[in-house]
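Tertiary structure, described
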Amino acid sequence: QVQLVESGGGLVQAGGSLRLSCAASGRTFSGTMGWFRQAPGKEREFVALISGSSATIYYADSVKDRFTISRDNAKSTVYLQMNSLKPEDTAVYYCAAGYGRITKGTTWADYWGQGTPVTVSL
C-alpha cells in the first residue's frame, strides 16, 4: 500500500508562487505521479502528471507555462511549482500516484492523498 502526503499549500496573493510537495511512503514508488485539484462546487480536474522516468509530462492548458511538475525518485516525491497564481487557481490540490495507462483523466491513479488547500487572493 502506498500513502501519499501532500504539503506546501496555503494562502498567497495573486501573482505569487507556491510549491507543493507529495511524498509517497510505504515503499519506493516508481510509477506515474501527478496533481489534480477541486474548487468549491466544481468537479475534480487534472492539473499535471509526470511519468516514472520523467520522460512524459502533461499539463492542463489552464496551468501550462505557469506550473512546473518534477520528481525526485530517490525520495519518491513529486513537486508542483506554481507561479503567477490566479484567483481561479484556488482549490484543494490532490496528489495522485499509479501505474495505469497515462491519460489526463483519473483512470491511471491508484492512490490519492488527502489534499492540501491553496487559496489565491486578489
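A brief report on the enclosed structure follows. (Residues numbered from 1 in each chain as written. Predicted model: local features only at pLDDT ≥ 70, side-chain atom pairs only at ≥ 80, totals over all residues. Heavy atoms only, no water.)

**A word on the nonpolar core**
In terms of nonpolar packing, the biggest core is built from 36 residues, with Leu4, Met33, Trp35, Leu80, Met82 and Tyr93 touching the most fellow members. Going through the elements one at a time, β3 (18–25), β4 (32–38), β5 (45–50), β7 (67–72), β8 (77–82), β9 (91–98) and β11 (116–121) are the ones with two or more residues in this core. Setting aside residues up to four positions removed in sequence, Leu80 forms contacts with Leu18, Arg19, Leu20, Trp35, Val47, Ala48, Phe67, Thr68, Ile69 and Tyr93. (Core = buried A, V, L, I, M, F, W, Y, C linked by side-chain atoms within 4.5 Å. Buried < 20%, exposed > 50% of the residue type's maximum accessible area, 1.4 Å probe, protein only. Helix = DSSP H or I, 4+ residues; strand = E, 2+ residues; numbered from the N terminus. Contact = heavy atoms within 4.5 Å.)

**Some details on the pairing of β9**
Counting buried residues along β9, 7 of its 8 residues qualify, which places the element largely inside the surrounding structure. Note that β9 and β11 share 3 bridges and pair antiparallel. Its bridge partner being in β11, Ala91 is matched across the sheet by Val118. With 2 bridges joining them, β9 and strand β10 (residues 111–112) adopt antiparallel strand pairing. Across the sheet, residue Ala97 finds its bridge partner in β10, namely Tyr111. (Pairing = 2+ DSSP bridges.)

**Considering the state of the cysteines**
Taken as a whole, this structure holds 1 disulfide when the rule is applied. The disulfide bridge from Cys22 ends at Cys95, spanning 2.0 Å between sulfur atoms. With the S-S bond torsion at -80°, the cross-link from Cys22 to Cys95 turns out left-handed. Note that Cys22 is positioned in strand β3 and Cys95 in strand β9, a separation of 73 residues in sequence. Since its relative accessible area comes to 0%, Cys95 is described here as buried. (Disulfide = S-S within 2.5 Å.)

**As for unusual backbone geometry**
Where the residue is not glycine, phi is negative for most of them; where a peptide bond is considered, it is trans in most cases. Although it is not a glycine, Asp65 sits at a positive phi angle of roughly 75°. Checked against the element boundaries, Asp65 lands in the loop between β6 (57–59) and β7. Its relative accessible area of 78% is what places Asp65 among the exposed residues. Although it is not a glycine, Ser84 sits at a positive phi angle of roughly 50°. Inspection of the secondary structure puts Ser84 in the loop between β8 and β9. Looking at Ser84, the relative accessible area reads 39%, which means it is partly exposed.

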